[in-house]
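Structure assessment
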Amino acid sequence: MNINLTLFGQMVTFAFFVWFCMKFIWPPLRSAMRERQEAIAAGLRASEQADEKLAQAANNAEQQITAAKAEAASIIEQARARANQMIEECMLLANECAADLLNHKFGYAPFRVHEEPDQLKLETLKKIIGDQSQTQKSQDPASQINSISKKISAKDQLKQSLILQTLKRAEYSTDNVGHFGLQLDQYCHFTSPIRRYPDLLTHRMIKQCIENDDDYLSNIKNDQEICELSSKLEHRAENASRKVNQILIFDYLKRHVGEFFEGVISGVTEFGLFITLEKFLVSGLLHVADLKRDRYQLSKDQTYLYGIKSGRRYRFGDSINIKIVAVSPFEGKMTLLQNEHKRRRKT
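Residues numbered from 1 in each chain as written. Predicted model: local features only at pLDDT ≥ 70, side-chain atom pairs only at ≥ 80, totals over all residues. Heavy atoms only, no water.

1. Focus: the overall build of the protein
To keep it simple, the criterion reads: Helix and strand labels come from DSSP, where a helix needs a run of H or I of at least four residues and a strand needs a run of E of at least two; each type is numbered from the N terminus. Think of it in three bands: with a 1.4 Å probe and only protein chains considered, a residue is buried below 20% of the maximum accessible area for its type, exposed above 50%, and partly exposed in between. Only heavy atoms matter for contacts: two residues are in contact if any of them lie within 4.5 Å across the pair. Accessible surface is estimated by sampling points in the Shrake-Rupley manner with a 1.4 Å probe; for residues, cover comes only from the protein chains shown.
The helix and strand inventory of the protein stands at seven helices and twelve strands. Counting all 347 residues of the protein, 37% fall into the buried class. Taking as baseline every contact in the protein between residues at least 6 positions apart, the subset at least 24 positions apart corresponds to 64%. For the protein, the exposed area adds up to about 21,500 Å²; of that, 54% sits on carbon and sulfur atoms.

Rendered as structure tokens:
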């Protein structure tokens, strides 16, 4: 009996201790931890803000496709949490430090390089998204893109993706030209050796650096060949991944044939409009012959279709309610029809 009373007393004491901790200790501790987390993240971002990092980097969101039995069960948009941002900032710093170490030791590294975008593409981007502001000749490309990004909502994924398409592709090279997207003088991949071969190459060079092996300088030609091959294989892998995602999304949309969705005009051609379903980030064709009540022609600057009689215009960025008529997943095609009663200009 005494043993049972002792055990019962210990259980009551433990339960009281847990309740006390959860009630009075954990809330302020959690608040302090959150403040500390935000302070660390803010500190890591301070240099980024000082160097005017590209604004769209914080606006990127991912699509997460939950697959079941070789088909998409659901499609959701996944935003980055504070913890993800902190980890990414730490990874950026680690990558930058690795590049600095190797460049100091060997005079080169398997850099991750990203060149500035062409000015002509920047002007085309401004024209497409309807930015009428005048760009100063002295304004650098990073400032121009930041200026454009600030005028675009973080939820406007179509225009955010257009900004990314304006930028050049990042590649691997032993010839350092800096990283425009991150606004860094030198940068390499160091933190993901499991999925990227250039990271493994960086690790090997750091090992040689630690062991003071000066003979590694003779491998620069071979390393450049590895960088070029890695860039090509990365591009191929991205295309394959994008294609698989597209097939899964279109297969998912086959279940919604006959239903109406809100879309955004993402392309204007003489034969019709390409409409992007923002929820799924895939596009389909609304043929010009299916635009009712008028005959439509392409404008001289190729930015909109206009009705010959009515003067009605369909521009890039216009929201439009459409009906899914047919979907071909493996062809990557989706046929649409317009819901004539619902159309509005996207602001």
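That was the structure; now back to the text.
2. Structural notes on the pattern of salt bridges
Which entries qualify depends on this criterion: A side-chain nitrogen of Lys or Arg and a carboxyl oxygen of Asp or Glu constitute a salt bridge if their distance falls within 4 Å.
Under the definition given, this model contains four salt bridges. Here R112 ties to E234 by a salt bridge, and the two come within 2.9 Å at their closest N and O atoms. With a gap of 122 residues between them, R112 in strand β3 (residues 111–113) and E234 in helix α7 (residues 220–253) connect regions that are remote in the sequence. Comparing R112 with E234, the two get one shared label, buried. Ionic pairing is found between D199 and R196, a salt bridge with its closest N-O pair at 2.8 Å. Grouping residues by exposure puts D199 and R196 together as buried.

3. Details of the nonpolar core
Selection rule: Note on terminology: a nonpolar core comprises buried Ala, Val, Leu, Ile, Met, Phe, Trp, Tyr and Cys residues joined through side-chain atoms within 4.5 Å.
Ranked by internal contacts, the top residues of the largest apolar core, which has 24 residues, are L253, L273, I324 and M334. Put simply, the parts of the chain that give this core at least two residues each are α7, β5 (260–269), β6 (272–277), β7 (282–287), β11 (319–328) and β12 (333–344). The residues touching L273, leaving out its near neighbours within four places in the chain, are I265, G267, V268, G284, L285, L286, L291, L305 and Y314. A142, I152, I163 and V264 belong to the second largest nonpolar core, which has 14 residues in total.

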